[in-house]
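Each chain is listed here by its residues.
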Amino acid sequence: MVESAVEGLLSREFLDPAKARDLERRELGQILRFARSEVPFYQSQEIWSGLPLGASVDRDVLAELPILRKHHIHENFDALKARRLPNGELVAGQTRSSGTTGRPTKVLFGGRAIRMYGLLAQRGMRWARFDPTWKQAVIRLPQNLPRRPDGSVLADGDAHRSRGWMYVRHWFHTGTMVGFNRTNSAEAQTEWLQKERAQYLVTFPGSLETLVYACQGKPVDSLLALHSISATLTQGMRDRVESATGLTVHQSYGLNEIGTVALRCEAGRYHVNPEHCLVEIVDENGSPCKAGETGRIVVTGLTNFVMPLIRYDTGDLGVAVDGACDCGRTLPSFGTIVGRYRPMQYTPEGTARHVNIIQATIAELPLEALSGLREYQIHQFRDGSFELRLATKDEDNTRLTDALRQVWDAQTDVPPPLRILRVGEVLPTSGGKQQEFTSDFFPPIEEGS
Ligand SMILES: [Zn+2]
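Residues numbered from 1 in each chain as written. Predicted model: local features only at pLDDT ≥ 70, side-chain atom pairs only at ≥ 80, totals over all residues. Heavy atoms only, no water.

Here we take up the environment of Leu 331. Relative to the elements of secondary structure, Leu 331 occurs in the loop between strand 13 (312-319) and strand 14 (333-334). In this structure, the C-alpha to C-alpha distance between Leu 331 and Pro 17, residues 314 residues apart in sequence, is 8.2 Å. (Helix = DSSP H or I, 4+ residues; strand = E, 2+ residues; numbered from the N terminus.)

This brings us to the packing of aromatic side chains. Evaluation of the coordinates by the stated rule reveals 15 aromatic pairs. The interplanar angle of 70° and the centroid separation of 5.6 Å between the aromatic rings of Phe 386 and Trp 408 together place this pair among those described as edge-to-face. Taken together, the positions of Phe 386 in strand 17 (residues 386-392) and Trp 408 in helix 11 (residues 398-409) put the pair 22 residues apart, joining distant regions of the chain. Comparing Phe 386 with Trp 408, the two get one shared label, buried. Pairwise contacts between aromatic rings join Phe 130, Trp 134, Trp 165 and Tyr 200 into one cluster. Sitting above the plane of the Trp 127 ring, Arg 329 keeps its charged end 4.0 Å from the centroid. (Phe/Tyr/Trp six-rings, centres within 6.5 Å; stacked < 30°, edge-to-face > 60°. Buried < 20%, exposed > 50% of the residue type's maximum accessible area, 1.4 Å probe, protein only. Lys NZ or Arg CZ within 6 Å of the ring centre and 35° of its normal.)

A separate point is the coordination of the zinc ion. Those protein atoms acting as donors to the zinc ion are Cys 265 (SG), His 271 (NE2), Cys 325 (SG) and Cys 327 (SG), and they sit at 2.1 to 2.3 Å. Classification of the site at the zinc ion as tetrahedral follows from its 4 donor atoms and the range of 102 to 115° in their angles at the metal. (Donors = N, O, S within 2.8 Å, 3.2 Å for Na, K, Ca; no water. Tetrahedral: all angles 85-135°; square planar, octahedral: opposite > 155°, others 65-115°.)

Attention shifts here to the environment of Val 282. By secondary structure assignment, the location of Val 282 is in strand 11 (residues 277-282). You can call Val 282 buried: its relative accessible area is 2%. A C-alpha to C-alpha distance of 30 Å links Val 282 and Leu 85, two positions 197 residues apart in sequence. Sequence-distant contacts of Val 282, that is, excluding residues within four places in its chain, are made with Ile 67, Ser 287, Pro 288, Cys 289, Gly 295, Arg 296, Val 298 and Arg 311. (Contact = heavy atoms within 4.5 Å.)

Let's shift gears to the pairing of strand 4 (residues 159-162). Side chains of strand 4 alternate between two faces, with His 160 and Ser 162 buried and Ala 159 and Arg 161 left unburied. As defined by bridge partners, strand 4 adjoins strand 5 (residues 177-181) across 4 bridges and the pair is classed as antiparallel. Paired with Ser 162 across the bridge in strand 5 is Met 177. (Pairing = 2+ DSSP bridges.)

Another point: the sheet that holds strand 15 (residues 337-338). Read from one edge to the other, the open sheet built from 4 strands follows the order 11-12-13-15, with strand pairing classed as antiparallel. Every interior strand has two partners, whereas the edge strands, strand 11 and strand 15, have only one. Where strand 11 and strand 12 (residues 294-301) come together, 6 bridges link them in antiparallel fashion. Looking at strand 12, one finds that Ile 281 is bridged to Ile 297.

In many analyses, interface size is given as the accessible surface area lost on bringing the parts together. Here the domain parsing of the chain yields domain 1 (2-115 + 254-338), domain 2 (129-247) and domain 3 (344-439). Facing 13 residues of domain 2, the contacting portion of domain 3 comprises 9 residues. Interface area, domain 2 with domain 3, both sides summed: about 820 Å², of which 48% is carbon and sulfur. There are 0 salt bridges connecting domain 2 and domain 3. At the junction of domain 2 and domain 3, the tally comes to 0 residue pairs in polar contact (both at pLDDT 80 or more). Elements represented by at least two residues in the side of domain 2 that touches domain 3 include exactly helix 7 (186-196) and helix 8 (205-215). (Domains from an automatic or database assignment. Buried area = accessible area lost by both parts, 1.4 Å probe. Salt bridge = Lys/Arg side-chain N within 4 Å of Asp/Glu carboxyl O. Polar contact = N/O pair within 3.5 Å; in protein donor to acceptor, adjacent residues only side chain to side chain.)

Of the residues making up helix 7, those classed as buried are Ala 186, Gln 189, Thr 190, Trp 192, Leu 193 and Glu 196. For helix 7, the angular spread of the buried residues around the axis is 165°, confining them to a single face. For helix 7, the exposed residues set more than 90 degrees away from the buried face come down to Glu 191 and Lys 195. Residues of helix 7 that are buried sit in contact with strand 3 (136-140), strand 4, strand 5, strand 6 (200-203) and helix 8. Following helix 7 by one or two positions, Arg 197 adopts a phi angle in the positive range, close to 50°. (Arc of directions from axis to C-beta.)

Here we come to the pattern of salt bridges. Within this structure, the stated rule accounts for 22 salt bridges. Across the salt bridge formed by Glu 13 and Arg 123, the nearest N and O atoms sit 2.8 Å from each other. You can see Glu 13 sitting in helix 1 (residues 2-13) and its partner Arg 123 sitting in helix 6 (residues 111-127), a full 110 residues away along the chain. Residue classification places Glu 13 among the buried residues on the basis of a relative accessible area of 1%. Here Arg 69 makes a salt bridge to Asp 313, at a shortest N to O gap of 2.5 Å.

Here you go:
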């Protein structure tokens, strides 16, 4: 089964474009017909009832459907669950986003969608030509690393150890994986990397930059490749990291609500994983952008029948492209992502930890304590103080603010001042992108980033 699944992935990468479009039409038709017949949220919308949904559906149909936003998921969680599942499908897990703008978004995943994590991670590693015997070092937020046996998150200073690489180990034999919290200081991360001597490092762009800046090059000479996940590096930062380390930075793009959406190829495009999702780059009206235009990245999941997300707004911006990619792959693609990028290396020591305290507290609170919360934004002022802006529907945020105050004040060192205020809405930054964390220490946005 592993072999056929992997061969299936391989065969789509260089497929004849006409055949690829046929497959896309079939898979899109399947999830749209399912969503209309089994998911109350879509069923209740009039626009869906008149939609021509045959065995094969062209992606143009999507432009007629409304965009699904984060708050729609919060407000319609139950209505988005399928009433019945296809044969053999089952609820296999759930993801809960943290570190994105706003309150955490919970999404249920079916077995087919969960399975894609490992398979698609393997695709990225195959493209990057990673040797599966390498040791993998992962630096992420504690809540995104594997939990300890008692269910608690990894403590700062401690290391996680697994016998195989993250996601991929369920499918393939690999070298070991070691994990360390991103909330550790840059010095502690460097020291840990020098002790572990892994061949490749998986982390967020912000951490990658911080490490490379702190070490003025490779954090440890054993490293052979770098892998940036979730958010994306700007081109300028990629160039600086690559020239300072002499290593290639591989990049995948994904989100908790969908999984791995796209992988960056050596020619610099993001290729969509077409067996898992469909990506549109759209303007404010939800219509497709022309090549060269920047628009919202909107994703339709094709494998999650438990909770189908149709036209989900990722909150990220991407550049539409057309024509064939220089790498020769015929997978659908898009250009640069203007993503959840945070140049943390410019901020004072401890900033990542402070931001994470707020994000983790919000992420761990029961959803009913967050029911009125639509979005939030954390801002750091030049004097080091923080401001948390809550865009809420209700006047009463006592549970949320009390919890935050308590955790904030319980820090062992004296924390910087934190002001919590209620706002009408969270304003996007000058690039049009909503950022969950902004800082007076961040430099102005780079051209073309
Ligand atoms: Zn390519």
